[in-house]
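# Structure at a glance
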Amino acid sequence: MNRVIDQILPDLPYDNHAGTRTQCNANFNLKNNFQNVKGCLNVYTDGSKDDEGAGFGWAVTVDNLIVGECAKRVNLYNSVFQTELAAIGDVVTWLLNYIPLDNNRNVFIFSDSLSAIMALQNPIERSAEVQRCKGLINRLHARNRTVVCWIKGHAEHTGNELADVKAKEGAAGAPFHDIPAPLRVAKKAISDQMINFWQNSWDDVAGHRQTKLFIGTVTKEIHPIIIQLPRRQLSQVVGWITGHATLNRHLQIMGLSNDNWCRACKRAPETPHHIIFDCVRFEETRYAQLANQDYIYDDPDRGPLIRVNMDEWTLAERIMNLDNLVLILCFMKQWNNIFVN
Ligand SMILES: [Zn+2]
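Residues numbered from 1 in each chain as written. Predicted model: local features only at pLDDT ≥ 70, side-chain atom pairs only at ≥ 80, totals over all residues.

## Topic: the overall build of the chain
The criterion, for reference: Secondary structure follows DSSP: runs of H or I at least 4 residues long count as helices, runs of E at least 2 residues long count as strands, and numbering of each begins at the N terminus. Residues are called buried when their C-beta atom has 20 or more other C-beta atoms within 10 Å, exposed when it has 12 or fewer, and partly exposed otherwise; all C-beta atoms are positioned from the backbone. Once C-beta atoms are placed from the backbone, any two residues with those atoms within 7 Å are in contact.
Secondary structure assignment for the chain yields 13 helices and 10 strands. Expressed as a percentage of its 341 residues, the buried residues of the chain come to 31%. Contacts in the chain between residues far apart in sequence, at least 24 positions, make up 70% of those at least 6 positions apart.

Structural data, given as structure tokens:
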């Protein structure tokens, strides 16, 4: 999986980890029983994200004095979870430098992100960023008893409010702190690229003239629907989409019919395309199905016919979506009623 991502996305660093077990040794307190203990380092962290920007902030206080604070911006593709976690990782890095080695002070880290705290508690985490953060906390905890506490957000705890302000400040400006993209973003980018690749191959492949009338744009969405059809119907639908149907034109090519003319109108070769878009016998069905579409027109040379102008049947229509499936099923059913016992 990793190698595939690296090949497809050489320029997008993403957050993934093979998943070795790493324990976070700090203590955890999820009870929201906030209290300031004298002489302790109280650390407040917060992340922030909206449509404009993402960032995080933190503040460190001792006896209600601010001894350190910070605001940083991150990539817009980073998740709120990542900003919350980055805030913790960043402040712990700062603390490791700030606190003298022999200063054995208690450290309370307050975060309002339950998901970030629970990720730190979880020994098997797939995020490399979580692993890195655990490592930093473990280093801090080795010399300063560290407690990671959950604090209710927006509940007027001064420290949390301060971190919130810093986080918003971070989201709005510099300095920049680079965090790899969440795996979800990488997966989405890969999926987009694969669809692109698929579309280009489909555009480039020669032939498949009939199928391309219905499927101009590739999509994964129709498969789960189409596969649920009863077996016979499924096979017939595929036949109608691809032109490999038990209709005269295909049957003649197969040597199974003497002529290829439409049994309904005797005016054109019998193909799914003719039946759905052109055949005079199916005007009512066509009108019922497509009346409100721009590409329906009256053919002046052939009297008031309701036909589909194929020049107007644009690429946008040629998506094998639910509407088109219903369209094909509808004509197929009508055809079967008349010509298939
Ligand atoms: Zn016909």
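Moving on, there is more to tell.
## Examining unusual backbone geometry
Phi is positive for Glu-156, close to 60 degrees, though the residue is something other than glycine. Tracing the chain through its elements places Glu-156 in the loop between strand E7 (146-150) and helix H5 (158-172). For His-208, which is not a glycine, the phi torsion comes out positive at approximately 55 degrees. Relative to the helices and strands, His-208 is located in the loop between helix H6 (183-204) and helix H7 (209-214). Residue His-208 is classed as exposed on the basis of its C-beta count, with 12 C-beta atoms lying within 10 Å.

## Regarding the pairing of strand E4 (residues 54-62)
Threshold: Pairing between strands requires that DSSP locate at least two bridges from one strand to the other.
Most of E4 is tucked away: eight of the nine residues are buried. The sheet contact formed by strand E3 (residues 41-49) and E4 spans nine bridges and is antiparallel. Looking at the pairing, Val-43 lines up with Val-60 of E4. Counting the residues between successive antiparallel strands, the hairpin from E3 to E4 contains four residues. Pairing of E4 with strand E5 (residues 65-74), which is carried by nine bridges, proceeds in the antiparallel orientation. For Phe-56, the partnering residue across the bridge sits in E5 and is Lys-72.

## Some thoughts on the sheet that holds E3
In sheet architecture, strand pairing relies on hydrogen bonds along the backbone and comes in two forms, parallel and antiparallel. So the rule is basically this: Every angle, taken between N-to-C directions, lies between 0 and 180 degrees, and every axis is a line fitted to C-alpha atoms, over only the stretch in contact when it is a helix.
One open sheet accounts for six strands, arranged E2-E7-E6-E3-E4-E5; its pairing is mixed. Pairing within the sheet leaves two strands with one partner each, and these edge strands are strand E2 (27-29) and E5. Across this sheet, the average inter-strand angle for adjacent strands is 20 degrees, counted without regard to direction. In the packing of helix H2 (residues 80-98) onto the sheet, the strands contacted are E3, E4, E5 and strand E6 (107-111), and the crossing angle to E3 comes to about 150 degrees.

## A few points about helix H13 (residues 322-339)
Quick note on the threshold: Here a helix's expected span is defined as the number of its residues, less one, multiplied by 1.5 Å. Arc definition: it is the arc formed by the directions from the helix axis to the C-beta atoms.
In a regular helix each residue adds 1.5 Å, so 18 residues correspond to 26 Å; H13 covers 25 Å between its end C-alpha atoms and thus fits that length. Among the residues making up H13, those that are buried are Phe-331, Met-332 and Trp-335. All buried residues of H13 project into a common sector of 105 degrees when viewed along the axis, lining one side. Residues Leu-322, Asp-323, Val-326, Asn-336 and Asn-337 are exposed on H13 and point more than 90 degrees away from its buried face.

## Some details on the nonpolar core
To be explicit about the condition: Here, a nonpolar core denotes buried Ala, Val, Leu, Ile, Met, Phe, Trp, Tyr and Cys residues that are linked to one another through C-beta atoms within 7 Å.
Counting residues in each nonpolar core, the largest one holds 40 residues, and the members touching the most others are Val-43, Trp-58, Ile-88, Val-91, Ile-109 and Leu-120. For this core, the leading source of residues is H2, giving seven residues. Filtering out sequence-adjacent residues up to four positions away, Leu-120 remains in contact with Cys-24, Val-130, Cys-133, Lys-134, Ile-137 and Val-148. Formed by 15 residues, the second largest nonpolar core is a distinct cluster that contains Ile-241, Phe-331, Met-332 and Trp-335.

## Some remarks on helix H3 (residues 114-121)
Turning to H3, its buried residues number three or more, namely Ala-116, Ile-117, Ala-119 and Leu-120. Along H3, the residues classed as buried sweep out an arc of 160 degrees about the axis, all on the same side. Elements in contact with the buried residues of H3: E2, H2, E6, helix H4 (128-143) and E7.

## Structural notes on the packing of H2 against H3
Geometry of a packed helix pair, given as the angle between the helix axes and the separation of the axes. To keep things clear, this is the line we draw: Crossing handedness is read from the near helix: turned anticlockwise from the far helix by less than a right angle, it gives a left-handed crossing, and turned clockwise, a right-handed one.
One way to put it is that H2 packs onto H3 with a least axis distance of 9 Å and a crossing angle of 65 degrees. Along this stretch, H2 crosses H3, giving a crossing that reads as right-handed. Counted together, Phe-81, Glu-84, Leu-85 and Ile-88 of H2 and Ser-115, Ala-116 and Ala-119 of H3 form the full contact between these two elements.

## Looking at the environment of Asn-144
Along the polypeptide, Asn-144 turns up in the loop between H4 and E7. Among the residues examined, Asn-144 registers 19 C-beta atoms within 10 Å and is labelled partly exposed. As a C-alpha pair, Asn-144 and Leu-101 span 43 residues in sequence and 8.9 Å in three-dimensional space. Beyond its immediate sequence surroundings of up to four residues, Asn-144 is in contact with Ile-99, Asn-104, Arg-105, Asn-106 and Val-107.

## Focus: the environment of Arg-286
Summarising the element assignment, Arg-286 is placed in helix H12 (residues 283-290). On a C-alpha basis, the gap between Arg-286 and Val-308 in space is 8.5 Å, while along the polypeptide they are 22 residues apart.

## Some thoughts on the environment of Lys-72
Of note, Lys-72 is situated in strand E5. For the pair Lys-72 and Ala-54, spaced 18 residues apart in sequence, the C-alpha separation works out to 8.8 Å. Once residues lying within four places of it in the same chain are set aside, the contact partners of Lys-72 are Gly-55, Phe-56, Asp-90, Gly-170, Pro-175 and His-177.

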